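Breakdown of the fold
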Amino acid sequence: MQVVFMGTPDFSIPVLEGLISSEKHEVTAVITQPDKARGRSGKLTFTPVKQCAVEHDIPVYTPVRVKEKEFIDELKNIPCDVIVVVAFGQILPKEILTMPKYGCVNVHASLLPRWRGAAPMQWAIISGDETTGITTMQMDEGLDTGDMLLKKSVKIEPDETDETLFNKLSPLGAKLLLETLDGIEDGSIKPQKQDDSKSTYAKLLTKELGRIDFTWEAVKIERYIRALNNWPNVYCSFKGKTLKVWKASVVMSDSEYKPGTVVNVSKKSFTVQTGSGQLEFLEVQPEGKKRMDAASFLNGNRLAVGEEAFM
């Protein structure tokens with residue numbers, strides 16, 4: 001097939017590279033988000049997908065809005081049997097969805113209809129799901145509401161982070177997409193409607209989402225730490241300064257202390273009371289310093305049991 005690829009972040013790269021290396025398909029163009037200014041210099045930086053496309057000498061288009069007539073007219077002139085979409089970041093209009101012979105196929109990082117939306121991997125961890133996976137879908141005008149084509153599930157481990165789950169699902173998406181295109185071409189895939197009554201929404205991640213509320217139960221806080229490990233990170237206030245929390249474990253005990261109070265200090269860790277259960281801090285990053293284990297943190301910061309040090 002002749003394929004137009006639409007994607008933006010790192011998660012999209014294995015799928016794009018799988019298409020490029022496939023002998024059955026030709027990537028005729030890549031569509032991605034416009035370059036963004038980064039850092040203090042304001043230097044424009046390619047998206048990961050654009051960088052990959054440039055390295056493989058594939059034509060790249062960066063429309064500000066794919067709905068604009070000028071871009072749609074340009075897209076019509078690109079040879080295309082199917083458009084493959086992986087975390088592109090814009091809603092496609094009906095005119096684009098119906099343009100290719102085989103329509104638009106999306107690679108989504110959840111077992112639809114669960115976790116439609118922008119951050120399915122993170123919300124699966126936050127919610128304590130035991131499994132997740134990849135779904136390929138025939139796109140329609142809704143948000144991840146199209147007919148499902150193929151699915152593949154993976155187990156979410158007790159210590160799973162957004163990064164480790166990313167490393168599982170991204171290559172799985174590449175493999176499942178190639179199987180999907182084969183099935184579409186030979187007619188062996190029978191699309192299945194989604195059960196809208198079972199849908200959940202994975203809302204966009206924000207910086208504010210990472211702030212710890214110590215009145216939450218320890219289990220919930222620990223899930224947030226693992227789910228937001230890559231971005232935006234989980235953080236709290238320690239003596240008026242920001243403290244990022246990279247790794248923690250749940251202690252199924254309670255005390256009479258208020259949430260945010262230190263309940264135990266050892267050589268290698270310290271434990272804080274939450275709304276239910278306790279949170280043992282194992283790896284942190286003080287404001288303006290590097291990431292460190294809790295033992296190193298304690299070398300430079302004295303903590304006492306009963307101290308209401310965390311907010």
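Keep in mind it's a predicted model, so treat the numbers as computed, not measured.

On to helix α1 (residues 13-21). Buried residues of α1: I13, V15, L16, G18 and L19, and no others. Buried residues belonging to α1 abut β1 (2-7), β2 (26-31), α2 (48-55), β6 (82-86), β7 (104-108) and α6 (162-186).

Ranked by size, the top nonpolar core spans 71 residues in total, and within it F5 and F310 carry the most contacts. Top element by residues in this core is α6. It accounts for eight residues. Among residues more than four places away in sequence, those in contact with F5 are S12, V15, L16, L19, V27, A29, V30, I31, V49, V84 and V86. Counting 20 residues, the second-largest nonpolar core is a separate cluster that includes V66, L75, I96 and L97.

Applying the stated rule across the entire model yields 14 salt bridges. For D129, the salt bridge goes to R114, with nearest N and O atoms at 2.8 Å. Here D129, found in the loop between α5 (120-126) and β9 (131-138), pairs with R114, found in the loop between β7 and β8 (116-117); they are 15 residues apart in sequence, far enough to count as distant. Linking K155 and E157 is a salt bridge whose minimum nitrogen-to-oxygen distance equals 4.0 Å. Owing to a relative accessible area of 30%, E157 belongs among the partly exposed residues under this scheme.

Both strand β13 (residues 241-251) and strand β16 (residues 278-286) contribute to a ladder of eight bridges, which runs antiparallel. Across the sheet, the residue bridging to L243 is P286, located in β16. Of the strand pairs in this sheet, strand β15 (residues 270-273) and β16 are connected by four bridges, and their pairing is antiparallel. Considered in β16, the bridge of V272 is made with L279. Taking the residues that link successive antiparallel strands as the turn, the β15-β16 hairpin has four residues, and the phi of G277 there is positive, at about 85°. Pairing geometry for β16 and strand β17 (residues 292-293), over two bridges, is antiparallel. Following the sheet pairing, E283 is matched in β17 by D293. Hairpin connection from β16 to β17: five residues lie between these consecutive antiparallel strands, with G288 at a positive phi of about 80°.

When the terminal C-alpha atoms of α6 are compared, their 35 Å separation across 25 residues agrees well with the 36 Å that a helix rising 1.5 Å per residue should span. Positioned one or two residues after α6, G187 has a phi angle of 80°, which is positive.

A few words now on the packing of aromatic side chains. In total, this model carries 10 aromatic pairs according to the counting rule given. Ring geometry for F214 against F310: centres 6.4 Å apart, planes inclined by 50°, an arrangement best described as tilted. Of the two residues, F214 sits in the loop between β11 (201-202) and α7 (218-227) while F310 sits in the segment after α8 (294-300), which places them 96 residues apart along the sequence. Relative to F310, the ring of F270 has its centre 5.5 Å away and its plane inclined at 10°; by these criteria the two rings are stacked. Of this pair, F270 sits in strand β15 while F310 sits in the segment after α8, and the two are 40 residues apart along the sequence. These aromatic residues form a ring-pair network of at least three members: F214, F238, F270, F281, F297 and F310. The ring of W216 has K220 lying over it, and the distance from NZ or CZ to the ring centre is 4.0 Å. The side chain of R291 reaches across the aromatic face of W246, ending 4.1 Å from its centre.

Now for the sheet that holds β7. Across a sheet, paired strands are connected by hydrogen bonds in the backbone, their directions being either parallel or antiparallel. Across the sheet, seven strands lie side by side as β5-β2-β1-β6-β7-β9-β10; this open sheet has mixed pairing. Unpaired on one side and paired on the other, β5 (60-61) and β10 (147-155) mark the two borders of the sheet. As paired strands, β1 and β2 are joined by five bridges and run parallel to one another. Residue pairing for β2: V4 is matched across the bridge by A29.

Rules of the game
- Residues numbered from 1 in each chain as written.
- Predicted model: local features only at pLDDT ≥ 70, side-chain atom pairs only at ≥ 80, totals over all residues.
- Heavy atoms only, no water.
- Buried < 20%, exposed > 50% of the residue type's maximum accessible area, 1.4 Å probe, protein only.
- Helix = DSSP H or I, 4+ residues; strand = E, 2+ residues; numbered from the N terminus.
- Contact = heavy atoms within 4.5 Å.
- Core = buried A, V, L, I, M, F, W, Y, C linked by side-chain atoms within 4.5 Å.
- Salt bridge = Lys/Arg side-chain N within 4 Å of Asp/Glu carboxyl O.
- Pairing = 2+ DSSP bridges.
- Expected span 1.5 Å × (residues − 1).
- Phe/Tyr/Trp six-rings, centres within 6.5 Å; stacked < 30°, edge-to-face > 60°.
- Lys NZ or Arg CZ within 6 Å of the ring centre and 35° of its normal.

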